[in-house]
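The residues making up each chain are set out below.
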Amino acid sequence: MSQRKEKFETDSGIEIKEVYNKREIPEENPGEFPFTRGVRPNMYRGKLWTMRQYAGFSTAEESNKRYHYLLNQGTTGLSVAFDLPTQIGYDSDHDFSDGEVGKVGVAIDSLRDIEILFDGIQLESITTSMTINATASILLSMYVGLAKKQGADISKISGTIQNDILKEYAARGTYIYPPKPSMRLITDVFEFCSKEVPKWNTISISGYHMREAGATAVQELAFTLSNGKAYLKAAIDKGLDINVFAKRLSFFFNAHNDFFQEIAKFRASRRMWAKITKELGATDQKAQMLRFHTQTGGSTLTAQQTENNIARVTIQALSAVLGGTQSLHTNGYDEAISLPTEKAAKIALRTQQIIAEESGVVDTVDPMAGSYYVEELTNQMEEEADKYISKIDSMGGSVSAIEQGYIQNEIAESAYKYQQGIEKKEKIVVGVNKYIEDEEAGEVFKVDDSIRHDQINKIQALKSERDNDKVNSLLAKLADEASSDINLLPTILASVEAYATLGEISDTLRNVFGEYKG
């Protein structure tokens, strides 16, 4: 019988054989080095993954309503999306913010907005993930400042800041400062949290956005772990103990449609990271564990036949669960055309709940272990990713590879090949290049442009009410410290608590560090 294609391969170019036969598989137990089979001995039999829904739009007031809605629907962790001005350190009243306030996330200009964002939510009772990078130190300080106002013991609050600036240079673009001072801010966060907020995950090293930009699964794996190595080395060079700070590092991966490849990627990532941390001196097993959050693939969603995206998200979410994720966000089916409606957000959450409560895949640890195909694919993913990491190491590490444009060029080339595959129908996307049909536009979620004026009014009121002499004194102190080796987090926190705005703090650091021109 003839085959559909002459050759079958993953999107990373790994050839898929017709049949996989038994081969020697190392005896490994979940919860033990190198953690291929999971970071806990009983995994989901003991505790399900955290079910997060990425939410944030318009004003803090509107986002707060969505958070309460999601919590009432069974979400077990919050995940905050910030608008573009917040991500790159501009207040809503800045000229550069015009047209962008509240569009791709919530607008946060000061601690007052954070107070509104989490109104009625006790921070000690919830974990919060914040997708923020260049201004991560400021947003973390706002969160800590609010926890203190609530009377919480900040040593007990938990959550994650993305805080991964290297992938911004490589793929996403929301950087502010040059690499060296950016890395300094990141290691300052590591040091501060290890002493003051020990349960906080101080960085979520992200392959997600590189995959969204067009990286293959192997590239996502390799470039993410290579960036992780760079953060480890920067912290070690600062004198931090890898057995302490590495426990609070987490990762953020994408889940796409190639089901078995994604599972193999997640399994390989744990094994590779365990080896990397051990080579760099980690002896505590908790410092060797790779814990990760997964988000289903935004770039795989189609604007055509949007309800088909429910099936795509289900496949992707199931791969993340079978791969052993600690936290999961499922995209709304309508996100290719707008921010998710409440209906789409609820279906996305219910998808996770059905997998958890009805599918049975959580009843045994690592159910894919021993699959000839998955075990071989796990090995091949590791081998191919190691080739990339060795190349990057030979260039001096991730920072140097990014400065030389190597990682960016590899991602761009892969994105081009993928698009060519779709246009030539070598890769089928249902509803886009096969099974096409005419359809009417569905409901679209829109953000009102008038919210920028509301934010500007709030900033003006804030500046008229606060102690401006205190704010100016703290910002001057921050500028002095930025020119030294002093950890900046205590003064950033004090500035936030005095109601200095995000833009004022960012501009203070801009004046000292300069801006990176990609």
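Preceding block: the structure.
Reference entry: report on the structure contained in this document.

What counts as what
Residues numbered from 1 in each chain as written. Predicted model: local features only at pLDDT ≥ 70, side-chain atom pairs only at ≥ 80, totals over all residues. Heavy atoms only, no water. Buried < 20%, exposed > 50% of the residue type's maximum accessible area, 1.4 Å probe, protein only. Helix = DSSP H or I, 4+ residues; strand = E, 2+ residues; numbered from the N terminus. Pairing = 2+ DSSP bridges. Axes fitted to C-alpha atoms, helices over the stretch in contact; angles between N-to-C directions. Parallel < 35°, antiparallel > 145°, perpendicular 65-115°, else oblique. Left-handed = near helix turned anticlockwise from the far one by under 90°. Contact = heavy atoms within 4.5 Å. Patch = residues over 30% accessible without salt bridge, like charges linked within 9 Å, V, L, I, M, F, W, Y side chains within 5 Å. Areas by Shrake-Rupley, 256 points an atom, 1.4 Å probe, with all protein chains shown as cover. Salt bridge = Lys/Arg side-chain N within 4 Å of Asp/Glu carboxyl O. Phe/Tyr/Trp six-rings, centres within 6.5 Å; stacked < 30°, edge-to-face > 60°. Lys NZ or Arg CZ within 6 Å of the ring centre and 35° of its normal. Lys, Arg positive; Asp, Glu negative; His and termini not counted. Charge placed at Lys NZ, Arg CZ, Asp CG, Glu CD. Expected span 1.5 Å × (residues − 1). Arc of directions from axis to C-beta.

**A closer look at the pairing of strand S7 (residues 249-255)**
Here's step 1: With respect to burial, S7 is a largely interior element, 7 of its 7 residues being buried.
Here's step 2: Judged from the 5 bridges that link them, S7 and strand S8 (residues 292-296) form a sheet pairing that is parallel. Looking at S8, one finds that Phe251 is bridged to Phe292.

**Focus on the packing of helix H10 (residues 259-279) against helix H12 (residues 308-322)**
Here's step 1: Taken N-terminus to C-terminus, the directions of H10 and H12 make an angle of 30°; their axes are 8 Å apart at the nearest point. When the axes of H10 and H12 are compared, the pair comes out roughly parallel. Once H10 is placed against H12, the crossing between them reads as right-handed. Facing Phe259, Glu262, Ile263 and Phe266 of H10, the residues of H12 in contact are Ile315, Leu318, Ser319, Ala320 and Leu322.

**Here we look at a nonpolar patch on the surface**
Here's step 1: On the surface, a cluster of nonpolar side chains totalling about 290 Å² of accessible area is made up of Ile428, Val430 and Tyr435.
Here's step 2: Among the structural elements, Val430 can be located in the loop between helix H16 (406-423) and helix H17 (451-465).

**What to know about the packing of aromatic side chains**
Here's step 1: Tallied over the full model, the rule gives 21 aromatic pairs.
Here's step 2: Measuring from ring centre to ring centre gives 5.1 Å for Tyr143 and Trp200, while their planes differ by 55°; the resulting arrangement is tilted. Residue Tyr143 is located in helix H4 (residues 136-149), and its partner Trp200 is located in strand S5 (residues 200-201); the two are separated by 57 residues in the primary sequence.
Here's step 3: Judged by centre distance (5.2 Å) and plane angle (75°), the ring pair of Phe259 and Phe260 falls under edge-to-face.
Here's step 4: Here the basic side chain of Lys278 rests over the ring of Phe33, its NZ or CZ set 4.6 Å away from the ring centre.
Here's step 5: Over the ring of Tyr406 we find Lys391, and its NZ or CZ is 5.8 Å from the ring centre.

**A few points about unusual backbone geometry**
Here's step 1: Looking along the chain, the bond that leaves Phe33 and enters Pro34 is cis, with omega of 5°.
Here's step 2: Tracing the sequence through the fold places Pro34 in the segment before strand S1 (50-55).
Here's step 3: Notably, Asp366 is not glycine yet its phi reads approximately 50°, a positive angle.
Here's step 4: Within the fold, Asp366 resides in the loop between helix H13 (342-358) and helix H14 (372-394).

**Some words on the side chain of Ser129**
Here's step 1: Here Ser129 is to be found in strand S3 (residues 127-131).
Here's step 2: With residues up to four places along the chain from it excluded, the contact list for Ser129 reads Arg52, Leu78, Ser79, Val80 and Thr160.

**Quick notes on the pattern of salt bridges**
Here's step 1: Summed over all chains, the structure comprises 30 salt bridges.
Here's step 2: Among the salt bridges present, the one from Asp113 reaches Lys458, with a minimum N-O distance of 2.9 Å. Pair noted here: Asp113 is in helix H3 (residues 111-117) and Lys458 is in helix H17, with a separation of 345 residues, a long-range link.
Here's step 3: A residue is classified by how much of its surface remains accessible, and Lys458, at 25% relative accessible area, is partly exposed.
Here's step 4: Taking the shortest distance from any N to any O, the salt bridge between Lys229 and Asp393 comes out at 2.7 Å.

**Examining the environment of Ala171**
Here's step 1: With respect to the helices and strands, Ala171 occurs in helix H5 (residues 166-172).
Here's step 2: For the pair Ala171 and Arg211, spaced 40 residues apart in sequence, the C-alpha separation works out to 8.8 Å.
Here's step 3: Each residue touching Ala171, except ones within four places of it in the same chain, is listed here: His209, Met210, Ala213 and Ile411.

**Some remarks on a positive patch on the surface**
Here's step 1: On the surface, Arg4, Lys5, Lys425 and Lys434 cluster together into a positively charged patch.
Here's step 2: If you trace the backbone, Lys425 turns up in the loop between H16 and H17.
Here's step 3: Its relative accessible area of 52% is what places Lys425 among the exposed residues.

**Looking at the pairing of strand S2 (residues 77-81)**
Here's step 1: Counted residue by residue, S2 has 5 buried out of 5 residues, so it is predominantly covered.
Here's step 2: Both faces of S2 are covered, namely the face carrying Gly77, Ser79 and Ala81 and the face carrying Leu78 and Val80.
Here's step 3: Alignment of S2 against S3, held across 4 bridges, turns out to be parallel. Bridging across to S3, Val80 finds its partner in Met130.

**A short note on helix H20 (residues 502-513)**
Here's step 1: Helix length check: H20, at 12 residues, gives a terminal C-alpha distance of 16 Å against a target of 16 Å (1.5 Å per residue), a fit within 8%.
Here's step 2: Counting buried positions over the 12 residues of H20 gives 9, a clear majority of the element.
Here's step 3: Listed as buried for H20 are Leu502, Gly503, Glu504, Ile505, Ser506, Thr508, Leu509, Arg510 and Phe513.
Here's step 4: In the segment just after H20, Gly514 is the residue with positive phi, at about 80°.

**Digging into H17**
Here's step 1: With 15 residues, H17 should cover 21 Å at 1.5 Å per step; its first-to-last C-alpha distance of 21 Å lies within 8% of that length.
Here's step 2: Residues of H17 that are buried include every one of Ile451, Arg452, Gln455, Ile456, Ile459 and Leu462, and no others. Buried residues of H17, seen end-on, are gathered within an arc of 145° and therefore sit on one face of the element. Of the exposed residues in H17, the ones pointing more than 90 degrees away from its buried face are His453, Gln460, Ser464 and Glu465.
Here's step 3: Buried residues belonging to H17 abut H3.

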